[in-house]
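# Secondary and tertiary structure notes
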Amino acid sequence: MNSDGTTAEQTTKRTATRGCPICGSEAWRIAYGMVMPSARQAMPNTEFAGCVVVDEMRVYPATGKVEFGTPEWACQNPECRHRWW
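All values derive from a computational prediction rather than experimental measurement.

Next up on the list: the overall build of the protein chain. Tallying secondary structure elements over the protein chain gives two helices and seven strands in all. For the protein chain, with 85 residues in total, the buried portion stands at 20%. Here the analysis covers contacts within the protein chain between residues at least 6 apart in sequence; of these, 44% occur between residues at least 24 apart. Of the roughly 5,900 Å² that the protein chain leaves accessible, carbon and sulfur atoms contribute 53%.

Spelled out as structure tokens, the structure:
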């Protein structure tokens, strides 16, 4: 048990959320690969994208520059769906 009362298992789960930099809605991590159902249940706030990892192009909002990368986060607002790394 850690000094804050959490176990090592609790602190390593990938359940973190963030605010979308475009609309401010809740955004979830994107997990790639084959994920067993038990792992999916342990990470409820994760978007599972399958096994194919593809770079995406985006225009960085702050600078207007075109970038390529593999998204790590996905906005959960159906009207926004912004993805970023």
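Turning our eyes to something else, we now look at the nonpolar core. In terms of nonpolar packing, the biggest core is built from five residues, these being Cys-20, Ala-27, Trp-73, Cys-75 and Trp-84. When sequence neighbours within four positions are dropped, the list of residues in contact with Cys-20 reads Ser-25, Ala-27, Cys-75, Cys-80, His-82 and Trp-84.

The rules behind these values
- Residues numbered from 1 in each chain as written.
- Predicted model: local features only at pLDDT ≥ 70, side-chain atom pairs only at ≥ 80, totals over all residues.
- Heavy atoms only, no water.
- Helix = DSSP H or I, 4+ residues; strand = E, 2+ residues; numbered from the N terminus.
- Buried < 20%, exposed > 50% of the residue type's maximum accessible area, 1.4 Å probe, protein only.
- Contact = heavy atoms within 4.5 Å.
- Areas by Shrake-Rupley, 256 points an atom, 1.4 Å probe, with all protein chains shown as cover.
- Core = buried A, V, L, I, M, F, W, Y, C linked by side-chain atoms within 4.5 Å.

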